[in-house]
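Now for the letters of each chain:
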Amino acid sequence: MADLWQNAMDHAVSAARHAGEVVREALRDDRKQTVMTKSSSVDLVTQTDQKVEKLIIQSVKEKFPTHSFIGEESVSAGEPLLLTDAPTWIIDPIDGTTNFVHTFPFIAVSIGFSVNKQMEFGVVYSCLEDKMYTARRGRGAFCNGEPLQVSHQEDINQSIIAAEFGSTRDAETVDKIFISLRRVLSLPVHGIRGAGTAAINMCLVASGCVEAYYEIGIHVWDVAAGSLIVSEAGGVLLDTDGGPADLMSRRIVAANRRIIAERLVKEIETFSPIRDDAAPANQ
Ligand SMILES: O=P([O-])([O-])O[C@@H]1[C@@H](O)[C@H](O)[C@@H](O)[C@H](O)[C@@H]1O
Ligand SMILES: [Mg+2]
Ligand SMILES: [Mg+2]
C-alpha cells in the first residue's frame, strides 16, 4: 500500500495549480473584487475565495466521491467543521485573502489531507511566486521538487521569527498580541516578519528562511498542509501553551528546532480562542 494516497496527492497538486491560475486571472481582471466580511470587519472573503473552493471540492468529488471535506468557505456557509477518521481534504482556497484584496504578493492555496486524523500529505501553492510546496508523511518536504530543510540555528537571538496580527481587533486580544511581539522582539531576535498567510509562513520555516512562526487565532485550514510541510522538513510543532500541537486549538508554533520552539513559547502571551471543534457553524 506504499502509494495508497499518491493519486490523491497528485490530484491536490494539479487542483492547487489550477486554483492558482484562477487567482492570478482574478488579479489581472480590471473589475474590482466584491469584498465581504465574516467574523469581523477585517476578516475578508471574496467571490474568488468561494469560486476556488468550489472548483477544488468539485474536482475532488469527481475523483474521490467517498472522501470528506473541511473547507474554509464551506464552513463559513454553514457546513460542519468536523474532522473524523475518514480521508478528509482540508482546504483554504485563498490563504491571505487580505493580501489578495490589496494585491500584496503572498497568496497561497492550501490543501491538506488527513486520514485517521493524521496528515498524510500537504500542498501549499504560493500562486504569485509559482512555488509548489509539497510534503507526504514520511517522505520529506519539497518546493518545486527540491528538498526542503529547516534552518540549523539553535540560538533564538540569531533568528528571524514570523508572526501575524490575525483578524481579531478587540482591545484585550490586541494587547496580548503586542505583549508577545514586544517580548519576542526584545529577546532580542534578528527580526520579526509576516507574509500575511499562515501557510506561506510555515513554508518559510520549512525552507529555512525563518526559524519559527507562531500565531493564535488561525483555523485548521490555515495550518493543516503547512504543518506536515514543516515536520517533513525536519521542524517541530507545538501549541503556544507549550503542549503538543493540536490543529483544532487555533494556536500554533512551528519551528526549526525544539529548543527554539520552547524558548519562543516562554515569550508568548497565550490565550484560547474558541476551538475549531467547538465552534458553531457560520463562524
Ligand atoms: O483568512 P485567510 O486569508 O484564509 O487566512 C489568514 C491567515 O493565513 C493569516 O495568517 C491570519 O493572520 C489571518 O487571521 C487569516 O486566518
Ligand atoms: Mg487562511
Ligand atoms: Mg482563506
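Keep in mind it's a predicted model, so treat the numbers as computed, not measured.

## Here's the deal with the pattern of salt bridges
Move 1: Taken as a whole, this structure holds 16 salt bridges when the rule is applied.
Move 2: With its nearest N and O atoms 3.1 Å apart, the salt bridge here joins K117 to D85. Here K117, found in the loop between β5 (108-115) and β6 (118-126), pairs with D85, found in the loop between α3 (72-76) and β4 (88-95); they are 32 residues apart in sequence, far enough to count as distant.
Move 3: Across the pair R183 and E269 runs a salt bridge whose closest N-O atoms are separated by 3.0 Å. One end of the pair, R183, is in helix α5 (residues 171-185); the other, E269, is in the segment after α8 (258-267), and 86 residues separate them in sequence.
Move 4: Linked through salt bridges whose partners overlap, the residues forming this network are K38, E72 and E73.

## Here we look at the coordination of the magnesium ion (ligand 2)
Think of it this way: four donors in a tetrahedron around the metal ideally sit 109.5 degrees apart, and six in an octahedron ideally sit 90 or 180 degrees apart.
Move 1: The magnesium ion (ligand 2) binds to the protein through D92 (OD), D95 (OD) and D222 (OD); the donor distances cover 1.9 to 2.0 Å.
Move 2: Here the donor residues for the magnesium ion (ligand 2) map to a single chain with the spacing D-x2-D-x126-D.
Move 3: Here the magnesium ion (ligand 2) and the magnesium ion (ligand 3) are spaced 3.5 Å apart, linked through D92, which binds each one. Of this pair, D95 sits in strand β4 while D222 sits in helix α7 (residues 220-232), and the two are 127 residues apart along the sequence. Per residue, the accessibility class of D95 equals that of D222, and both read buried.

Rules used in this analysis
Residues numbered from 1 in each chain as written. Chains lettered and ligands numbered in written order. Predicted model: local features only at pLDDT ≥ 70, side-chain atom pairs only at ≥ 80, totals over all residues. Heavy atoms only, no water. Salt bridge = Lys/Arg side-chain N within 4 Å of Asp/Glu carboxyl O. Helix = DSSP H or I, 4+ residues; strand = E, 2+ residues; numbered from the N terminus. Donors = N, O, S within 2.8 Å, 3.2 Å for Na, K, Ca; no water. Buried < 20%, exposed > 50% of the residue type's maximum accessible area, 1.4 Å probe, protein only.

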